[in-house]
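This is what each chain is made of:
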Amino acid sequence: MTPTLHRLALAACTTMLGGAAAAEGELNLYSSRHYDTDERLYSDFEEATGIRINRIEGNADELIERMRAEGANSPADVLLTVDTSRLERAKNEGLFQAIDSEVLESRVPASAQDTDNQWFGFSQRGRIIFYDKTELSDPPQTYADLADPKYQGLICIRSSTNTYNQTLLAAIITHEGEDAARAWAQGVKDNMARDPQGGDTDQLRGVASGECDIAVSNTYYFARALAGSVDGLSDHLEMFGWVFPNQDTTGAHMNLSGGGVAAHAPNKDNAVKFLEYLASDSAQEYFAAGNNEYPVVESVATTEAVDQLGEFKADAVLLSDVAKNVPVAQKLFNEVGWE
């Protein structure tokens, strides 16, 4: 961003937040984010409002446990974390509070916010199908296709303890019911090329190495390889094709990075201002670009790497409803023996 554009974006942010003069103080942020663009994200907010950000960074589950242990004495004002299931877990453990914000209600799509106004999504990622286009001429076009016996022995996918898989199965439960979701989980398990191992990048590397022909991964893991060097992946990009599933029906499953105001926030007003800032155009650009994700505000541009993935139809299901089915999803994974 040029200096002129940065000044304009900062001015717009200041206007959106009601000016800097009366907003001085501090904000205690618990965050599992750790991207280079976050420095500008935070410094712009501090410059626009006069509010100093004190950060505690760590693993998402560790931060949730820390807030739970701190209880009413927690200094946290805002928790930022990844995956709908973790946002819902924080809500269910009483770590968030409902807030009233016309800015967030109008800027964040309904599908990406909690129905009780306790958490809001600020970036999205699709969970889609990647495949070896040199080996596979008829890749799966839907999530249901992944369970088709014709793909037996071809699929690399993460373990059932992975939150992204749990939320995907929870979305299938939301759309199709528990019986259909159980059958899907059994079918995908039967089609695995190997026992689940590693992260999403490892599933993509499995395709690159020829261990499998199909991988299920979040979009940003592949976009990282398009944007820069990823060991074991970037040198093999030409062999990959990808499918955004369910384009003729529900659309591709989306997941969130997001946050909420802590239940015992000592600086609640500042916390709300910060979340409203994250929904501004300039912050949306930083927030999504930091991990090659999709902004939740549709008018905000994506990165060049994300643009290469192409346009698609996203699932508009309320992720707040999907999150409620995550415990059932884990139960179904266990029932079919998905490790």
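On a predicted model such as this, the values are computed, not experimentally measured, just so you know.

S.K.: Teacher, can you tell me more about the state of the cysteines here?
M.R.: Disulfide: a covalent bond connecting the sulfur atoms of a pair of cysteines. Tallying each qualifying case throughout the model produces one disulfide. One disulfide bridge connects Cys156 with Cys212, the sulfur atoms lying 2.2 Å from each other. Classification of the bridge connecting Cys156 and Cys212 rests on its S-S torsion, roughly -110°, and on that basis the disulfide is left-handed. Linking Cys156 in strand β5 (residues 155-156) with Cys212 in the loop between α8 (200-209) and β6 (214-218), this pair joins segments that are 56 residues apart in sequence. Just as Cys156 is buried, Cys212 falls in that class too.

S.K.: Whenever I open this one, the nonpolar core confuses me. Can you help?
M.R.: Nonpolar side chains tend toward joint burial in soluble globular proteins. If you look at the biggest cluster of nonpolar residues, it comprises 102 residues, and the most contacted ones within it are Leu169, Trp184 and Phe274. No other element matches the seven residues that helix α6 (residues 163-176) contributes to this core. For Trp184, the contacting residues outside a window of four places in its chain are Tyr143, Ala144, Leu146, Ala147, Leu168, Leu169, Ile172 and Trp338.

S.K.: Can you walk me through the layout of surface pockets in this structure?
M.R.: Approximately 480 Å³ is the volume attributed to the largest pocket. Forming the boundary of the largest pocket are 22 residues, of which Gln124, Tyr294, Pro295, Glu298 and Phe312 lie nearest the centre. Among the elements of the structure, β9 (294-295) and α12 (304-307) are those that each provide at least two residues to the lining of the largest pocket. Grouping the constituent residues of the lining of the largest pocket by class yields 14 nonpolar, four polar and four charged. For the second largest pocket, the lining is made up of 19 residues, of which Val82, Arg86, Tyr164, Tyr220 and Tyr221 are closest to its centre. For the lining of the second largest pocket, the secondary-structure elements that each account for two or more residues are α6 and α9 (219-227). With three residues, the top contributor of residues to the lining of the second largest pocket is α9. Taken together, the residues of the lining of the second largest pocket sort by class into six nonpolar, eight polar and five charged.

The rules behind each value
Residues numbered from 1 in each chain as written. Predicted model: local features only at pLDDT ≥ 70, side-chain atom pairs only at ≥ 80, totals over all residues. Heavy atoms only, no water. Disulfide = S-S within 2.5 Å. Helix = DSSP H or I, 4+ residues; strand = E, 2+ residues; numbered from the N terminus. Buried < 20%, exposed > 50% of the residue type's maximum accessible area, 1.4 Å probe, protein only. Core = buried A, V, L, I, M, F, W, Y, C linked by side-chain atoms within 4.5 Å. Contact = heavy atoms within 4.5 Å. 1 Å grid on protein atoms, 1.4 Å probe; cavity = no way out; pocket = protein on both sides within 12 Å on 5 of 7 lines; lining within 4 Å. Points joined across faces, edges and corners; volume = space filled by probe spheres on them. Nonpolar A, V, L, I, M, F, W, Y, C, P; charged D, E, K, R; others polar.

The values are spatial; any link to function lies outside them.
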